[in-house]
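# Close look at the chain arrangement
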Amino acid sequence: MALISVDEGSRLVEMHDLIQEMGREIVRDECVKDSGKRSRLWLANDVRHVLKNNRGTEATECIAMNMDLIIDLYVNAASFEKMHNLRLLDLYSKWYTTGVNKVHLPPGFEFLPEALKYLRWHFYPLTSLPSRFSSENLVELHMPNSRLEQLRNKGVQINLGSLKRIDLSNSKHLAEVPDLSESPNLESITLWGCTSLVQLPSSFQHLAKLTCLYLHGCSNLKILPEMPGNLEILDVKSTAIEELPSSIWSLEKLYQLGLGSCKELKNLPSSTCRLNSLRSLSLYGCLLESLPVELPAGLDYLNLGCCKSLVSLPVELPSGLEYLSLSDCERLGSLPVELPSGLRKLDLRNCKSLGSLPKLPWLLKDFKAHGCTSLETVSSSMRTAPIQGWNQYVKNLKKCLWPPYFEESIFINCLKLDQSARSNIMADAQLRVMRIATASKSGNKIVKLMDVPENVTIVCPGNKIPEWLRYQSEGCSINIKLPPHSFRQGFLGYALCVVVAFNNYAPPDTANSLFCCETHHKTNNGHEVCSKSLLHVSLPDDILNSDHTFVWYFHSKSVELERAIKFEDWVKGSEASFDFMLFYQQTAGRFLLDLSTVRVKRCGVSLLYAQDFEKLFGSIDEDVVMEPRDDATSLNPVEVELLKKLMHIGIF
């Protein structure tokens, strides 16, 4: 890590711990005995001493205190009177969304220094800013969860000419936002959760530098003013707006629009397609029956979940769409004949009127169709995939920094699926397992260094182990004789499968279901190596009363060898056993599931090799299926910086 760096996303200055401690030591040396004469205060006890006893001086330039570290602080009314050079005041809580105010102000508290440029005060306890606070130098104002009703009492002028960012989120009593026309530098306004706010000043449209406006949860806000032309993010989710101002459809830079849970919004105009820069559109929980015939061409994220009145989609969706959520769209009867080829996540949970699926895109990684109770037909989406699709898949994995190799194809409680559909799903399961196993050989190098396991999960109703799994057995365990040289070059891991019988099964509250496969390899010199593969399954809240087949992937790199066992002995193992167990996991630990309501009926295992991939997919670049080269873990500069950050926060 560099001694000093600037984070590109947050624009925060980051420094090495040694530099920070050196700076703090310099400040302590300014006045060892009297903290009020130091330029910077950051220790809770020092801040308490200065603010309670009015010990601040002209030397004080910055005060920062984590309020979680104190019980209560009663501030002296004149505490800030002598701090004429105070530029930063930061009274914060890491639990500001759920915590309580601990800094109490006396009657008659009227003054904050004019020099303040940065003011953050969680749970600010007054109904307005101090009357003797000249705020013309203020650049950032953050007062989430405050008791503010308005920034200034009526008749008192407020000068916010230097202000760039303001955050008054979750200030439940805030009923009025001042005229901000004299704040030409404003870039970001955050007012989410201000439930008493009923209108915004018309001056918003003149804020030429405003790029972000967050109004999520302003539940009494019914009308929006016209919007400024440089707006890039507009979030009005969970407001009472009935229509959007016409200026929105002319915003050339708008790339994120949040309209979710706007229950009064009944339609979108056809002019929506004019938002050429729009990448993300959320309409979650709206009461729309249909969408405009044409959506913005650049969309890559579209959330229509819980649009319970939605009956149809446009014939053609944006070609670059990568994320599409239609969960709980109970009246939606069909999907477009052709879905965007680059679609990577599709959520159809509880689309109860959906009877069939079109051919799913080959690049689709995350697919959920829990509770599609009318679904009958599903085409095989992968057998006819062009070689270009595979190349793009590997390219996507190399770009994906976190999470790495993850795929889901879930059809829980889709009980009307015909036999052909179930066969197609299980045939696709083989291809999905093989491609994720093979792609891990040539994918993200950071993930290889961090040893993050690959994961793929396929679930559908059924009581048979797919034929492509070579070893099969009744019950919850299976023993196999390993063929010679089982772990030769090109070995990719195992495909695992269980048929689970559910009998009036209801998932435990606040619990995750775990399927565990415990594997024992017997080496050629009599040693036994034990390893475990865990499959985390999010089962729906519905009662389950039918058999389901689960398929997942397990890589041998998860095996931890005891010191007494040499790797070369393990790879020459002659026997292996696989025992499957079902758990649920809560905070207190893991617990076996009740076998009277859920049990493993059958199980299956198959060893995977790169050569099998070639048979399934045909000829591909040899670099994809060969063992990694010696330099495969060398990182480019971007990957090096990411790895440093992951190490810094303790992930690696």
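Remember, it's a predicted structure, so these values are computed and weren't measured experimentally.

Along its length, the chain carries 9 helices and 30 strands. Among the 652 residues that make up the chain, the fraction classed as buried is 51%. For the chain, the share of sequence-separated contacts (at least 6 apart) that also reach a separation of at least 24 residues comes to 53%. On the chain, roughly 30600 Å² of surface is accessible, and the fraction owed to carbon and sulfur atoms is 49%.

A few words now on the pattern of salt bridges. Throughout the structure, instances matching the rule amount to 21 salt bridges. For Arg55, the salt bridge identified is with Asp34, shortest N-O distance 3.4 Å. Here Asp34 lies in the loop between α1 (17-30) and β3 (40-41) and Arg55 lies in the loop between α2 (44-53) and β4 (62-66), a separation of 21 residues in the sequence. Note on Asp34: relative accessible area 14%, which makes it buried. One salt bridge in this structure joins Glu61 and Arg87, with 2.6 Å as the shortest N-O distance. One end of the pair, Glu61, is in the loop between α2 and β4; the other, Arg87, is in the loop between β5 (73-74) and β6 (88-92), with 26 residues separating them in the sequence.

Okay, the packing of aromatic side chains next. Applying the stated criterion across every chain yields a total of 13 aromatic pairs. Where Phe367 meets Phe411, the ring centres are 5.2 Å apart and the plane angle is 50°; that geometry is what we call tilted. Linking Phe367 in strand β19 (residues 366-368) with Phe411 in the loop between β20 (406-410) and α4 (419-439), this pair joins segments that are 44 residues apart in sequence. Using a relative accessible area of 0% as the deciding quantity, one classes Phe367 as buried. These aromatic residues form a ring-pair network of at least three members: Phe491, Tyr494, Phe554, Phe578 and Tyr609. Here Arg435 stacks its cationic end above the ring of Trp362, 4.7 Å away from the centre of that ring.

The next thing to look at is α4. With 21 residues, α4 extends 30 Å from end C-alpha to end C-alpha; this agrees with the ideal 30 Å at 1.5 Å per step. The buried count for α4 comes to 18 of 21 residues, which makes it a mostly enclosed element.

Okay, the nonpolar core next. Counting 129 residues, the largest nonpolar core has Leu326 and Phe411 as its most contacted members. Formed by 36 residues, the second largest nonpolar core is a distinct cluster that contains Phe491, Leu539, Phe580 and Leu582.

A few words on empty space enclosed by the protein. Under the definition given, this model contains 2 cavities of 30 Å³ or more. What lines the largest cavity is Leu360, Val378, Ser379, Ser381, Ser409, Phe411, Asn424, Ile425, Asp428 and Arg432. In terms of residue count, the dominant contributor to the lining of the largest cavity is α4 (4 residues). Class assignment of the residues belonging to the lining of the largest cavity gives a composition of 4 nonpolar, 4 polar and 2 charged. Its volume calculated, the second largest cavity comes out at about 40 Å³.

Turning next to unusual backbone geometry. Positive phi, close to 60°, is recorded for Phe123, a residue that is not glycine. Inspection of the secondary structure puts Phe123 in the loop between β8 (118-121) and β9 (140-142). The phi dihedral of Asp328 is positive, around 65°, even though this residue is not glycine. Structurally, Asp328 is set in the loop between β17 (323-325) and β18 (345-347).

Here we come to the layout of surface pockets. Rolled over the atoms, a probe sized like a water molecule indicates the empty space that remains. Considered as a void within the structure, the largest pocket measures approximately 1600 Å³ in volume. In terms of lining, the largest pocket is formed by 36 residues, of which the most central are Leu12, Val13, Glu14, Leu88 and Tyr118. Elements with a minimum of two residues in the lining of the largest pocket: β2 (13-15), α1, β3, β4, β6, β9, β10 (165-167) and β11 (188-190). For the lining of the largest pocket, a count of residues per class yields 17 nonpolar, 9 polar and 10 charged.

What follows deals with the state of the cysteines. In this structure the tally under the stated criterion is 0 disulfides. The closest cysteine sulfur to the non-disulfide-bonded Cys306 is located on Cys329, 7.5 Å from its own sulfur. Judged by relative accessible area, Cys306 falls into the buried class, the value being 18%. Cys307 takes part in no disulfide bond, and the closest cysteine sulfur, belonging to Cys329, lies 5.2 Å away. Exposure remark for Cys307: the relative accessible area of 1% places this residue in the buried category.

Residues Leu119 and Trp121 line the buried face of β8, whereas the alternating positions Tyr118 and Arg120 sit on a face that is not buried. Both β6 and β8 contribute to a ladder of 4 bridges, which runs parallel. Along β8, the bridge assignment pairs Asp90 with Arg120. Bridge analysis of β8 against β9 gives 3 bridges, and the strand direction is parallel. Directly across from Arg120, in β9, lies its bridge partner His142.

By the secondary structure assignment, Pro508 is in the loop between β24 (491-502) and β25 (512-522). Taking the C-alpha atoms as reference, Pro508 lies 9.4 Å from Leu593; in sequence the two are 85 residues apart.

With 6 of 7 residues buried, strand β21 (residues 455-461) lies mostly within the body of the structure. Sheet analysis places β20 next to β21, joined by 5 bridges and oriented parallel. When the bridges of β21 are listed, Phe406 appears paired with Asn455.

What follows concerns the confidence of the model for the chain. Per-residue pLDDT for the chain has a mean of 85; in total, 85% of the residues score no lower than 70. A low-confidence stretch, residues 560-564 stays under pLDDT 50, and its non-local contacts, those more than four residues away or across chains, total 6 contacts. Every residue in residues 642-652 is under pLDDT 50, and counting partners more than four places away or in other chains gives 18 contacts.

Topologically, Glu243 is positioned in the loop between β13 (233-235) and β14 (256-258). Residue Glu243 is classed as exposed on the basis of its relative accessible area, which comes to 61%. Separated by 19 residues in sequence, Glu243 and Cys262 place their C-alpha atoms 9.6 Å apart.

How each quantity is defined
Residues numbered from 1 in each chain as written. Predicted model: local features only at pLDDT ≥ 70, side-chain atom pairs only at ≥ 80, totals over all residues. Heavy atoms only, no water. Helix = DSSP H or I, 4+ residues; strand = E, 2+ residues; numbered from the N terminus. Buried < 20%, exposed > 50% of the residue type's maximum accessible area, 1.4 Å probe, protein only. Contact = heavy atoms within 4.5 Å. Areas by Shrake-Rupley, 256 points an atom, 1.4 Å probe, with all protein chains shown as cover. Salt bridge = Lys/Arg side-chain N within 4 Å of Asp/Glu carboxyl O. Phe/Tyr/Trp six-rings, centres within 6.5 Å; stacked < 30°, edge-to-face > 60°. Lys NZ or Arg CZ within 6 Å of the ring centre and 35° of its normal. Expected span 1.5 Å × (residues − 1). Core = buried A, V, L, I, M, F, W, Y, C linked by side-chain atoms within 4.5 Å. 1 Å grid on protein atoms, 1.4 Å probe; cavity = no way out; pocket = protein on both sides within 12 Å on 5 of 7 lines; lining within 4 Å. Points joined across faces, edges and corners; volume = space filled by probe spheres on them. Nonpolar A, V, L, I, M, F, W, Y, C, P; charged D, E, K, R; others polar. Disulfide = S-S within 2.5 Å. Pairing = 2+ DSSP bridges. pLDDT = per-residue confidence, 0-100.

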